[in-house]
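Structural overview
What follows is the residue order along each chain.
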Amino acid sequence: MAFLGGRDLRLFLNNKIISDYQETRIKQAAYELSLGEEVYRTDAIDGKVEVLNDKNRTVTINPGQFTLLMTKETVTIPSDKLAFISIKAKPKLKGLVNVSGFHVDPGFSGKLLFSVYNAGPSTITLRHDEPYFLIWFAELKQNLLSNDLYNNSGNNHQDQKGIPSEYIDALKSGELASPSALLKKIKDVEKIKINNEYLLKLFIGIAVTIGLKIMWDSNAEQKGYEMRVLEERTLKNLYEQIDSIKSNSISLGNIDSIIRESKQTPNGIK
Ligand SMILES: O=c1ccn([C@H]2C[C@H](O)[C@@H](COP(=O)(O)OP(=O)(O)OP(=O)(O)O)O2)c(=O)[nH]1
């Protein structure tokens, strides 16, 4: 088995092997395939496949998220070739891990599906139509017999044009246990804890204020009561004094009337 390169690769590749074939896409011994229309992200808000086009040109893969990407080109592998696929170094060096791979069977025809995982700390943005994938072709020493070729009967990916729903369902069905998903959960719990602490402090503050107010009010009530008792006692004393003044003035009145009467008698004696 030998890998095709240089002139051999240029002679071998055409529109039948790779749709939208462009010779300029041959880089060293590989051909560059570009990002197609369909992508599925595990954190997609509506949980649906996203369609990339001229209006919606990019897909952003968040840290810790898993994504399915599909090539724009359809690849058809003849019976005497085996192909190998990978993702370019640039997105991989940002943290993108190519989970799927790594071969394309003799007889396979369809778009290629890549599953990737963002193991890096930052969001990775990929653009529609940009070349991110590489494919190498190796020549088999012998052609495969037709019943050995990858085909429609018994093979799942032949003629794939879109992201199969079984993979989307599988990725939707569980929680993602990636480090960044766990970090997000820890941050959410911390946020709830901080909120609870704040509420607890607020509650304690309100309880202390209410307690102080009740104490203040009961002190004021006690002082008011004591003042009333004092006032009542003072008033009582005052009334007693008035009464005694009154009784004194009555006896003085009596003496006055005796004096007046004695003055009115001729001898001064009644
Ligand atoms: O990352 C990959 C790997 C493979 N393929 C395509 C090309 C390959 O020829 C075909 C089947 O690959 P494989 O034999 O590894 O998959 P399988 O799970 O055994 O599927 P099947 O039951 O269809 O053979 O799927 C992809 O699109 N992406």
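These figures come from a predicted structure and were not determined experimentally.

1. Points about the overall build of the protein chain
- Helix and strand counts for the protein chain come out as four helices and twelve strands.
- Its C-alpha radius of gyration of 50 Å places the protein chain more than 25% over the 18 Å reference for a compact globule of 270 residues.
- Summarising its shape, the C-alpha atoms of the protein chain cover approximately 175 × 35 × 25 Å along the three principal directions.
- Of all 270 residues assigned to the protein chain, the portion counted as buried reaches 29%.
- For the protein chain, the share of sequence-separated contacts (at least 6 apart) that also reach a separation of at least 24 residues comes to 74%.
- Within the structure as shown, the protein chain displays about 18,300 Å² of accessible surface, and the carbon and sulfur contribution to it stands at 58%.

2. Some details on the packing of aromatic side chains
- Here the structure, examined in full by the defined rule, presents six aromatic pairs.
- Between Phe3 and Phe84, the aromatic rings sit 5.7 Å apart at their centres with planes inclined by 45°, giving tilted as the arrangement. With a gap of 81 residues between them, Phe3 in strand β1 (residues 2-3) and Phe84 in strand β7 (residues 81-87) connect regions that are remote in the sequence.
- When its relative accessible area of 13% is taken as the criterion, Phe84 is described as buried.
- Measuring from centroid to centroid gives 5.3 Å for Phe12 and Phe137, while their planes differ by 65°, and the two rings are edge-to-face. Taken together, the residues Phe12 in helix α1 (residues 6-12) and Phe137 in strand β12 (residues 131-139) connect sequence positions 125 residues apart.
- When its relative accessible area of 0% is taken as the criterion, Phe137 is described as buried.

3. With respect to the confidence of the model for the protein chain
- Mean pLDDT over the protein chain works out to 90, with 92% of the residues at or above the 70 mark.
- What the predictor reports for the complex is a pTM of 0.72 with an ipTM of 0.97.

Definitions and limits used
- Numbering of residues begins from 1 in every chain and follows the order in which that chain's sequence is written.
- Totals for whole chains, interfaces and linings use all residues, but because this is a predicted model, local features are given only for residues with pLDDT of at least 70 and pairs of side-chain atoms are given and counted only at 80 or more.
- Just so you know, side-chain values use all the structure's heavy atoms and leave hydrogens and water out.
- Note on conventions: DSSP H or I runs of at least 4 residues are helices, E runs of at least 2 residues are strands, and numbering of each starts at the N terminus.
- Atoms counted for the radius of gyration: C-alpha only. Globule rule: 2.2 Å times the number of residues to the power 0.38.
- Here the term buried applies to any residue with accessible area under 20% of the maximum for its type, exposed to any over 50%, and partly exposed to those in between, with areas from a 1.4 Å probe on protein chains only.
- Here, residues are in contact when the closest pair of their heavy atoms is within 4.5 Å.
- Accessible surface is estimated by sampling points in the Shrake-Rupley manner with a 1.4 Å probe; for residues, cover comes only from the protein chains shown.
- A pair of aromatic rings is counted whenever rings of Phe, Tyr or Trp (Trp by its six-membered ring) have centres within 6.5 Å, and the orientation is called stacked for planes under 30 degrees apart, edge-to-face for over 60 and tilted otherwise.
- Every residue is assigned a pLDDT by the predictor, reflecting its confidence on a scale from 0 to 100.

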